[in-house]
Amino acid sequence: MAAAVAGSLCLAGCGGGSGGGSAGPPSDGDERTIKAFDINERPREQVKDGGTLRWGINEFPSQWNRNHVDGNLAVAAVVTNALLPTPFVSDEKAEISLNRAYVLDAEVTEQRPKQVVTYQLNPKARWSDGRPITWVDYQAQWHALNGRDPAFHIASSTGYKDIEKVARGEDDYEVVVTFDKPFGDWQSLFGPLMPASTNRTPAAFDNAWLNKIPVTAGPFKFGGFDQTAKTITLVRDDSWWGQRAKLDKIIYRASEQDSLVGAFSNGELDIIDVGPSAPDYARAKGTPGAEVRQAAGPDFRHFTFNGSSELLKDRNVRQAIQLGINRQAIAQSDLQGLDWPIALLNNHFFMNTQEGYQDNAGKLGVYDPDRARRLLDAAGWKLSGQVRQKNGKPLSLRFVVPSGVQVSKQEGELAQSMLAQIGVKLTIQAVPSDDFFTRYVIPGNFDITPFAYIGTPFPVSSSYGIYANSPDGKNWNANFGRTGSAAIDQAMSRAAQTLDPAQARTATNQADALIWQLVNVLPLYQRPQNVATRQTLANVGARGFYDLRYEDIGFTR
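These numbers come from a predicted model, not from an experiment.

Engineer: Where do I start with the environment of Ile163 in this structure?
Structural biologist: As for its position among the elements, Ile163 is in strand 8 (residues 163-168). C-alpha separation for the pair Ile163 and Gln115, spaced 48 residues apart in sequence, amounts to 9.3 Å. Dropping the residues within four chain positions of it, Ile163 is found in contact with Trp142, Arg148, Val177, Thr178, Phe179, Asp180, Leu189 and Phe190.

Engineer: Looking at this model, I keep getting lost on the pattern of salt bridges. Mind explaining?
Structural biologist: Pairing of side chains with opposite charge becomes possible as their charged atoms draw close. Counting across every chain of the model gives 25 salt bridges. Arg131 is the partner of Asp129 in a salt bridge, and the nearest nitrogen-oxygen pair spans 3.5 Å. Linking Arg293 and Glu291 is a salt bridge whose minimum nitrogen-to-oxygen distance equals 2.7 Å. According to the relative accessible area criterion, Arg293 is buried, its value standing at 1%. Look at Glu291 and you get partly exposed, because its relative accessible area is 27%. By sharing partners, the salt bridges in this structure join Asp49, Lys246 and Arg557 into a single network.

Engineer: Sorry if this is basic, but what is going on with the sheet that holds strand 16 (residues 382-384) here?
Structural biologist: Hydrogen bonds along the backbone pair up the strands of a sheet, which may run parallel or antiparallel. The three strands lie next to each other as 16-17-18, forming an open sheet whose pairing is antiparallel. At either margin of the open sheet sits one strand with a lone partner, and together these are strand 16 and strand 18 (393-394). Bridge count for strand 16 against strand 17 (residues 387-390) is three bridges, and the pairing is antiparallel. Its bridge partner lying in strand 17, Lys382 is registered against Gln389.

Engineer: When you look at the layout of surface pockets in this model, what are you seeing that I'm missing?
Structural biologist: Think of a ball as big as a water molecule: rolled over the atoms, this probe shows where empty space is left. Reported here for the second largest pocket is a volume of approximately 460 Å³. Considering the residues around the second largest pocket, the lining is formed by 26 residues, among which Gly147, Ser157, Asn469, Pro471 and Asn477 are closest to the centre. Counting residues per element, the ones that place at least two in the lining of the second largest pocket are helix 12 (459-467) and helix 13 (486-497). Ranked by the residues each element gives to the lining of the second largest pocket, the list is headed by helix 13, at three residues.

Rules used in this analysis
Residues numbered from 1 in each chain as written. Predicted model: local features only at pLDDT ≥ 70, side-chain atom pairs only at ≥ 80, totals over all residues. Heavy atoms only, no water. Helix = DSSP H or I, 4+ residues; strand = E, 2+ residues; numbered from the N terminus. Contact = heavy atoms within 4.5 Å. Salt bridge = Lys/Arg side-chain N within 4 Å of Asp/Glu carboxyl O. Buried < 20%, exposed > 50% of the residue type's maximum accessible area, 1.4 Å probe, protein only. Pairing = 2+ DSSP bridges. 1 Å grid on protein atoms, 1.4 Å probe; cavity = no way out; pocket = protein on both sides within 12 Å on 5 of 7 lines; lining within 4 Å. Points joined across faces, edges and corners; volume = space filled by probe spheres on them.

Structure representation (structure tokens):
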């Protein structure tokens with residue numbers, strides 16, 4: 001999964017979860033129909049050749065290696081999905097197919113004694129420096145991401161840690177991957193694929209893509225950064241071996257969320273992610289010549305609790321604070337006016353609309369301030385005036401939010417009021433959007449923080465890193481809540497290793513029930529994808545599980 005500021009991080013690979021693309025009404029009986037995707041899908045012949053797309057984004061990443069813990073961002077994926085190889089693509093139903101620009105065939109060729117997957121690469125596929133994409137790139141990515149060398153600061157080792165070896169097949173374009181343990185979500189691996197040079201050493205992994213995009217292999221290539229204007233320019237790559245990109249150029253412009261809608265309404269941008277903000281939604285929808293495209297996706301809004309924070313190390317304190325937060329009131333506040341069903345999400349892996357979803361929250365998912373007070377009393381936090389204290393220290397927490405994101409500030413104000421009723425002081429700390437993840441969330445410089453996870457068609461493998469335990473208590477990778485357990489890891493591993501979807505769902509829900517007890521991520525609701533675009537813009541918008549074909553994006557004739 002990936003994180004997004006308004007807030008979103010990518011679940012590994014920024015894609016979704018198999019067996020999960022249905023988009024019927026959610027589980028609370030609300031009968032509104034939710035679209036699986038809404039991109040104004042048009043055949044290529046109806047799309048003009050040429051033009052520049054001006055795309056608004058709400059942060060300007062510095063780390064462009066998306067397999068690096070600092071690069072696992074939804075915004076980085078929005079940009080680099082036009083530039084980097086991925087072996088498979090998903091449709092709007094989360095059904096996976098080969099991305100034949102890069103891979104002509106891939107299948108499980110052996111199951112016993114070990115699972116073996118053989119890939120036939122497209123020999124036309126090349127990096128922009130002229131090098132062919134070969135088995136060497138796949139082997140290097142496995143070496144960097146298998147988790148055996150902690151000097152590689154990876155977002156997740158899921159799947160890669162289960163591989164025994166990656167070898168050359170009959171030629172450089174055949175890749176033979178032998179697994180040490182079975183891995184059901186094998187199609188989630190090697191996307192995005194980075195060049196071997198990036199993955200050869202920890203120094204290259206950390207630095208080769210820091211404030212630069214040195215090599216590409218897609219319908220577009222890197223045109224340049226403008227750090228002053230905060231723009232990233234991509235240009236059509238005429239050496240691309242697939243269908244020629246319709247657009248000449250894509251210019252991404254970064255600014256804080258609250259100014260993006262103004263720029264869109266003024267005609268300075270062609271597309272922006274509105275996020276869960278009713279005022280922005282209404283303003284974008286009211287812009288002449290524009291529309292807001294809306295879809296369900298594997299994306300959810302949540303609060304992360306930092307279990308390594310001095311005040312939140314005690315699980316009972318985390319449980320008390322969770323019980324003191326009225327999620328229904330926050331969901332109603334966030335979603336009011338968005339034409340979206342208001343339904344709480346009570347699962348960390350499956351969305352309300354996905355097969356496998358079940359409510360595992362139990363009593364910990366219910367707003368219960370009385371029980372919260374009792375838990376805090378029992379943990380030694382006694383009320384002293386308005387705020388509880390223990391050993392002379394007040395129970396005062398920081399709620400870190402990205403500046404310019406009104407929905408995050410609003411959530412903080414609601415939580416502040418709720419937690420005051422149980423004797424907990426919550427201080428809202430607004431930080432620059434560009435620093436939110438790299439300087440606050442990822443290094444654990446917060447007590448509680450809100451953002452969204454952007455999922456993939458692989459609910460277990462994409463989320464594994466968020467809840468995986470640290471082997472040494474120091475290296476948490478993508479687990480920003482910094483809590484975990486062997487039991488959670490074992491349940492997730494059972495889910496990942498089975499090739500039986502029903503058994504995988506059962507094990508996933510066992511892991512989910514344990515995560516509710518631990519209080520790491522507090523899910524709020526399935527986040528609507530609200531994307532404002534010009535009405536004439538085709539093949540882009542609210543994509544759900546659908547992987548955009550950047551070469552097909554453009555303006556209608």
